[in-house]
Amino acid sequence: MLCTALGIVLGVLVGLYGLFELHYFLRMCLCVVSARFLKKRMHILDTGTVMGLCLTNDIDTLLYHMNNARYLREIDFARVDFYERTSLYRTIRSKGGSVVQGATTIRYRRFIRPFTRFTISSRIVYWDNQSIFMEHRFLGGTDGFIHCIALCRQRVMQCSVEDVMATLLKSGISLPSSSGAKKLPSNTTSSTEFLEKVETGGVVEAPSLAKPDLPPEVAKWLEWNDISSASLRSEC
């Protein structure tokens, strides 16, 4: 009887791994739980970081560096962490919208070796009324070298990105202090920078929370996307 039960359980697990990428779903759930309940909240213009480790199931057939496709997979986990800690996804859903990946470009600069630690930094570099543009950097665990950089376009549907970002920019973050919670000023870019200045007793010179200027590389990338779209439409 016990052998039969174990055989059924083993069969179910093998079936799940055969039909679904079970490890991906389990890790994604872990990322959501960790970001929502274990990590500190972030302001929408802060830079989020997550740690990673290149394991044997991440390397390619040459066996000495991370598979190129794994970078995009790791970005998925970093993006979910950013969405949860900034309340970006919840804000989009609260306004009746949804978000999908619209485009990605990635540039590799140096191998990530097996059993090497790395950090993924994620931040919003620009947005328009339809899309949010995020930059992801893979940083070496010891020297901080940028091994890889990716630019992603998150397309928001059924609601206005400007409205979403306005809500998040105005929300602020409560910061602990000896006299109670301090509210992040509406014109402060980084909650981390603000907190450091409060703790050291320095004068807070808060930078603007206005939408950042369009980076030149993003402008060129958008131009390429428009040319590609026009070319594909002409073929239909």
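Everything in this summary refers to the structure shown in the same document.

What counts and how
- Residues numbered from 1 in each chain as written.
- Predicted model: local features only at pLDDT ≥ 70, side-chain atom pairs only at ≥ 80, totals over all residues.
- Heavy atoms only, no water.
- Core = buried A, V, L, I, M, F, W, Y, C linked by side-chain atoms within 4.5 Å.
- Buried < 20%, exposed > 50% of the residue type's maximum accessible area, 1.4 Å probe, protein only.
- Contact = heavy atoms within 4.5 Å.
- Helix = DSSP H or I, 4+ residues; strand = E, 2+ residues; numbered from the N terminus.
- Polar contact = N/O pair within 3.5 Å; in protein donor to acceptor, adjacent residues only side chain to side chain.
- Patch = residues over 30% accessible without salt bridge, like charges linked within 9 Å, V, L, I, M, F, W, Y side chains within 5 Å.
- Areas by Shrake-Rupley, 256 points an atom, 1.4 Å probe, with all protein chains shown as cover.
- Salt bridge = Lys/Arg side-chain N within 4 Å of Asp/Glu carboxyl O.

### Quick word on the nonpolar core
1) Next: Core analysis: the largest hydrophobic core is formed by 19 residues, its most contacted members being Ile-44, Phe-82, Leu-88, Ile-124, Trp-127 and Ile-132.
2) Next: Excluding its chain neighbours within four sequence positions, the residues that come into contact with Ile-124 are Ile-44, Phe-82, Leu-88, Ile-132, Phe-133, Met-134 and Met-165.
3) Next: Counting residues in hydrophobic clusters, the runner-up holds 14 residues, among them Ile-59, Met-66, Ile-120 and Cys-152.

### Overview of the side chain of Gln-154
1) Next: Take Gln-154: it is sitting in strand E5 (residues 146–157).
2) Next: When its relative accessible area of 4% is taken as the criterion, Gln-154 is described as buried.
3) Next: At 2.2 Å, the side chain of Gln-154 and the side chain of Gln-101 are in polar contact.
4) Next: In contact with Gln-154, not counting residues within four places along its chain, are Arg-79, Tyr-83, Val-99, Val-100, Gln-101, Gln-130, Ser-131, Ile-132 and Met-134.

### So, a nonpolar patch on the surface
1) Next: Among the surface-exposed residues, Ile-8, Val-9, Val-12, Leu-13, Leu-16, Tyr-17, Leu-19, Phe-20, Phe-25 and Leu-26 lie close enough to one another that they form a single nonpolar patch of about 1000 Å² accessible area.
2) Next: Secondary-structure elements contributing two or more residues to the nonpolar patch are helix H1 (2–19) and helix H2 (22–38).
3) Next: At seven residues, H1 tops the list of elements feeding residues into the nonpolar patch.
4) Next: Counting through the fold element by element, Leu-19 comes out in helix H1.
5) Next: A residue is classified by how much of its surface remains accessible, and Leu-19, at 69% relative accessible area, is exposed.

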